[in-house]
Amino acid sequence: MKGQVLLFFLVVFPRFVFGQVSYSIPEEMAKGSLVGYIAQDLGLDVKRLQAGRARIHTGDNAEYLQLNKEKGLLVIKEKIDREALCGQTTPCALHFQIALENPIEIFPVTVVITDINDNAPVFEREERRFEISESAVVGSKFMLEKAIDPDIGLNGLQSYTLKPNDNFILKMNSQSDGGKKVEMILQKSLDREKQEYASLFLTAVDGGEPQRSGTMQIHITVLDVNDNAPVFTQTVYKAEIKENSVNGTVITKVSASDADKGSNGEVSYVIGNSMRGLSNVFVITEDGHLVLNAPLDYEKAQKYEIYVEAVDRGGLSDSSKVIIDVGDINDNSPVIKIISSSISIGENSPSGTVVAVMKALCGDTTPCAVHFQIVLENPMEFYSVTVEITDINDNPPTFEKNEIKFIISESAVVGAIFDLERAVDLDVGTNTLQSYVLKPSDNFMLKLHNQADGTKNVEMVLQKPLDREKNDFIALVLTAVDGGEPQMSGTMQIFISVLDANDNAPVFTQQVYKGTVSENATKGTTVTSVRASDADHGLNGKITYSITNTLDDVRHMFEINDENGEVKLIGRLDYEKKRHFQINVRARDNGGLTDSCKVIVDVVDINDNEPTIKIMSKSTIISESAKPNTVVTMINIQDPDSDEYGKVQCFISDNIPFVLKSTSNNFYTLVTDSDLDRERASEYNITVTCSDEGVPSLSSSVTLTLQISDINDNAPVFERSSYEAYIVENNTPSLSIFTVKATDADWNQNARVSYILEDSSVNGVPVSSYVSVSADSGVIHAVRSFDYEQIKDFHFRVRAQDGGSPPLSSNVTVKIMIQDQNDNPPQVLYPVQTGGSLVAEMVPRSADVGYLVTKVVAVDVDSGQNAWLSYKLQKATDRALFEVGLQNGEIRTIRQVTDKDAVKQRLTVIVEDNGQPSRSATVVVNVAVADSFPEVLSEFTELTHDKEYNDNLTFYLVLALAVVSFLFITCLVVIISVKIYRWRQSRILYHSNLPVIPYYPPRYSDTLGTGTLPHVYNYEVCRTTDSRKSDCKFGRAGSQNVLIMDPSSTGTMQRIQSEKSILDEPDSPLEVGYFSFISVANAGPKSDCKFGRAGSQNVLIMDPSSTGTMQRIQSEKSILDEPDSPLEVRIFQPFKINVKKLILDILFSAPWTAT
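These lines cover the structure that appears in this document, whether it is placed above or below. (Residues numbered from 1 in each chain as written. Predicted model: local features only at pLDDT ≥ 70, side-chain atom pairs only at ≥ 80, totals over all residues. Heavy atoms only, no water.)

**Some words on the overall build of the chain**
Then, number 1: A count of helices and strands for the chain gives ten helices and 81 strands.
Then, number 2: Residues counted as buried form 41% of the 1155 residues belonging to the chain.
Then, number 3: Put simply, 67% of the contacts in the chain that link residues at least 6 apart link residues at least 24 apart. (Helix = DSSP H or I, 4+ residues; strand = E, 2+ residues; numbered from the N terminus. Buried < 20%, exposed > 50% of the residue type's maximum accessible area, 1.4 Å probe, protein only. Contact = heavy atoms within 4.5 Å.)

Okay, structure coming up:
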């Protein structure tokens, strides 16, 4: 179930939020159960959780909760046991933080775990044994072990019940710590003789729903005390014995039993008769046998009455009477006595004259009389006389012993009887013993029993319990009083030693003891001492001490000396784990009586823990564009020590653009202190050191490695502010000229430099037709071949652009200077060479030496020494007549012209430049040595016939070429027809679905007529003869060998190398034809023509008026790409083409009609 949610926010930094949310859930929720809608409660969007890589930070604690970032939920990860997590601590809560990044946000979350009744009360032991003396007084207390219920509140332990409760009741005492002290109190005296063993059940009950309980069985052994006197089996025993029985004869056996146990039940027998000397005649053994110890004489005593006492070890006794009849035997002969006559008494004897002592004579016999005879002689007379002796009170009562000692247990019950020795009074009648008096009479009273023989048996009866602790020794005086006048008495002292019984429980001197111990105390350190006293004596007063804590670690940390109560440390203390210990100590005597006390031990903290640094949330990478006060890392500092020992100060190293700020208690944030620059420092190792204020101080540190991520804040920088490069003309297209280089201080993609040629024009032509720049390497390539004579240098700009977003760039100016090459021969400007007319210079015959005939004017478009011209006379009709100026080309006479010199002089002058290798041009100079024009004209008429001859020769050459071409075409048609027939048989092309794979050759154009020609696109045309459907697939079979030459050009013929055609045999000739106009059209009724093009089509056009410039016209789609459109090829003369290839390509698509 989801509890109330508490939410508040505290803004610490612009990019740092500190908030808190609280939930309340019951323990033991199933895995995956919902705790709360954390995203909603924090006011966050689910996307923020995902983008911020939200995570739960619990420190060193186990993770019980899990964050579902996709749904923004907080769910149970592992079952939570409140008792294992918090024990008895309330409230029980999980404290953790949810950390987000970019920016860093910390949200403390508290989840309160409420208790459910999932634990029953339990006792440490299933049974407990007590030994309790039956003399234990009512109200005696016996400490019971407390039950432990890990639950709290109503679900915790509430009450105890004890069954059966005949002798005991329970009493619960609330303690200051909230616990309950349970005591078992004796409410009815125990009687071992009735019940020696008792079994009770102690039940602990909690208050949860459903109610749970735990039980412990209590076994009580009742210890015996001397509370029962011996009891004879008979009150009177009778026996007979002959007077002649020898000593040692067993007369009879008396038997008394004692309900007590052990020593208290051991009975000893004694003969209680006094003043009679019977103890000399008879003896009694320990087992009750009455044995004759002296000779008997029937004539002296015919009967004996013996009083036997049975006494136990506690002084309790009983008595019985043994009557022994002596049997007579004929052991006496008759005795004749001659009475002396001299025995006489005066008649005048005064009254009171003692005739004889009759007491000695009669003893207790009454009446006591003396019988005698008076004899007279002369004459003999015999008179019988009886004298009766009356008693006077001349004898006081006397005891055989002046004192008697008793040992009586204080546990003796009221009514206990103790037989006393009877006093003896020799008088008889009223003068004899009449009564007894016992003083003092606080505890005892006397009881007299009249015997059958008229005597009195005296007993001392306990009327008030003894208390050894109040009076362990009692002295009494027993007085026997007769009834005579004057009254006479006799006394005997009774000394009573009160034996101790375990009727007092131990009592501690204090209910609460306190002690302190340092957490670094060594084992064996004495913490404190407890002391209890027991008013009992001997073994009953001997106390043993024990620790009664259950289900905690007290027994593992402390021990108590069971004899002197000294509490010592046996474990390792840790103030940070537990600061206080409550030790429950029990004092127990040998009788099982107990008392308890509590020892509170306070652990004294020492500075034994260094601060713990926990990185709650950190960014290992931070952008160099981060503003000051941007949170980099959230740090939690924990020092479990207390007071000054737990106060921590943290700091970082200096000279770094970061600062450590304290945001709240134990929380620090590492924030930027100034602007970052990755180019200055790409990584920081930040050491955070935290020290406490203990003495000595303890510290710890952690090193954070922080990478500075790059932003595109640096534009590429060229190595030079401008570049100059040189290239020799007539270079090969795509030739690398030089390389521009730019560097970018940024990193990775932001530092990836691309080079771009900026749009500009050179002489109205885009600069891209001159050069190109490699985007990756910056290498500048020549797109075309340069001609120094047309362009000597040009400028353009190259832009270096990085890969950032947005990209940054910089420009540099590049100047390309063309170096001249001797690629142009000298051109003769004068004299002008014409094809149809003849020009001649006239030299008069009167010309002197050095006469300037003419001047050969030539130029060389090259520059430098390549343009330095020298003139030489190569051939001459008369070399001795003319010379040519080496530097100026002037033709002068070197001698005087004579009449013998021919009129027509032909000079061939060669003009050479100074290049390497040198180039040259020749010019024919016709010189007429004559003084008049008619003379000159007649000499030059033969030149017209030579011209006609040349024209006829040209005609025949053309005719021969036409014949040869016709024969070649005829053969070609036959071959093609055979191939078409085979093709129609196989129908391969009709079913073919093979794709057309175009090939694009490099495209370079020569727009300035320097002799570099473009490559030519050639197509194979495949046609079917099917009148209803014809598929035309245009696919190039490789470039052909094409020779192109402008008849008017004086340039060098160049050959374009290409792949070999499938029709080109190794020895096939290369044919060159001239066509005025060719128009080819599709004659079929329907034709589907598919051009295998992957891009633009290429149409080559040559302008006859051009000096060799061939241009490529680029188009996206040709008008010929329609299925039924005619295929037109126009070639403007003069144009040179591979005639054989063109004809084969055209003939492959029959039928055709030529116009």
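**Quick word on the state of the cysteines**
Then, number 1: Considering all chains together, one arrives at two disulfides under this definition.
Then, number 2: The disulfide partner of Cys86 is Cys92, and the gap between their sulfur atoms is 1.9 Å. In this structure the cystine formed by Cys86 and Cys92 twists about its S-S bond by roughly 70 degrees; its chirality is therefore right-handed.
Then, number 3: Between the sulfur of Cys650 and that of Cys690 lies a disulfide, 2.1 Å long from S to S. For the disulfide bridge between Cys650 and Cys690, the dihedral angle about the S-S bond is near 110 degrees, and by the sign convention the bridge is right-handed. Taken together, the positions of Cys650 in strand E46 (residues 648–652) and Cys690 in strand E49 (residues 683–692) put the pair 40 residues apart, joining distant regions of the chain. (Disulfide = S-S within 2.5 Å.)

**A word on the packing of aromatic side chains**
Then, number 1: In this structure the tally under the stated criterion is 22 aromatic pairs.
Then, number 2: When the centroid spacing of 6.4 Å and the interplanar angle of 75 degrees are considered together, the rings of Phe508 and Tyr513 count as edge-to-face.
Then, number 3: In this structure Tyr513 comes out as buried when scored by relative accessible area, which is 4%.
Then, number 4: With a centroid separation of 6.1 Å and an interplanar angle of 50 degrees, the aromatic rings of Phe508 and Tyr545 are classed as tilted. Within this pair, whereas Phe508 is found in strand E34 (residues 507–508), its partner Tyr545 is found in strand E38 (residues 543–547), the two being separated by 37 residues in sequence. Neither residue differs from the other here; Phe508 and Tyr545 are each classed as buried.
Then, number 5: By the ring-pair criterion, three or more aromatic residues cluster together here, those being Phe718, Tyr723, Phe738 and Tyr755.
Then, number 6: The ring of Tyr788 has Lys792 lying over it, and the distance from NZ or CZ to the ring centre is 4.8 Å. (Phe/Tyr/Trp six-rings, centres within 6.5 Å; stacked < 30°, edge-to-face > 60°. Lys NZ or Arg CZ within 6 Å of the ring centre and 35° of its normal.)

**Some details on the environment of Phe130**
Then, number 1: Structurally, the position occupied by Phe130 is in strand E9 (residues 127–133).
Then, number 2: In this structure Phe130 comes out as buried when scored by relative accessible area, which is 1%.
Then, number 3: Each C-alpha atom, one on Phe130 and one on Val222, is 8.4 Å from the other, the two residues being 92 residues apart in sequence.
Then, number 4: Contact partners of Phe130, with chain neighbours within four places excluded, come to Phe142, Met143, Leu144, Met184, Ile218, His219, Ile220, Thr221 and Gly592.

**Focus: the nonpolar core**
Then, number 1: Ranked by size, the top nonpolar core spans 29 residues in total, and within it Val771, Ile780, Phe794, Phe796, Val798, Val814 and Ile816 carry the most contacts.
Then, number 2: For this core, the elements supplying multiple residues, two or more each, are strand E52 (722–728), strand E53 (736–739), strand E55 (754–757), strand E58 (771–773), strand E59 (779–782), strand E60 (793–801) and strand E61 (809–819).
Then, number 3: The residues touching Phe794, leaving out its near neighbours within four places in the chain, are Val762, Val767, Tyr770, Val771, Phe786, Val814, Lys815, Ile816 and Ile818. (Core = buried A, V, L, I, M, F, W, Y, C linked by side-chain atoms within 4.5 Å.)

**Considering the sheet that holds E61**
Then, number 1: With respect to topology, four strands assemble into an open sheet ordered E52-E61-E60-E55, the strand pairing being mixed. Strands at the two margins of the open sheet, each flanked by one partner only, are E52 and E55. The average angle at which neighbouring strand axes cross in this sheet is 30 degrees, direction not considered.
Then, number 2: Pairing geometry for E55 and E60, over four bridges, is antiparallel. Each residue of the ladder has a partner; that of Leu757, found in E60, is Val798. (Pairing = 2+ DSSP bridges. Axes fitted to C-alpha atoms, helices over the stretch in contact; angles between N-to-C directions.)

**What about the pairing of strand E69 (residues 904–912)?**
Then, number 1: Across six bridges, strand E66 (residues 870–876) lies against E69 in antiparallel orientation. Across the sheet, residue Tyr871 finds its bridge partner in E69, namely Val911.
Then, number 2: For E69 and strand E70 (residues 920–929), the ladder comprises nine bridges, and the chain directions are antiparallel. Pairing of Thr908 across the sheet is with Val924, part of E70.

**Quick look at the sheet that holds strand E12 (residues 168–174)**
Then, number 1: Reading across the sheet, the three strands line up as E10-E13-E12 and stay open at both edges, with antiparallel pairing between neighbours. Because the sheet does not close on itself, it has two edges, and the strands there are strand E10 (141–143) and E12. Strand-to-strand twist in this sheet, taken as the mean axis angle between neighbours without regard to direction, amounts to 35 degrees.
Then, number 2: Pairing between E12 and strand E13 (residues 180–186): seven bridges, direction antiparallel. For Ser174, the partnering residue across the bridge sits in E13 and is Lys180.

Structural measurements only, silent on function.
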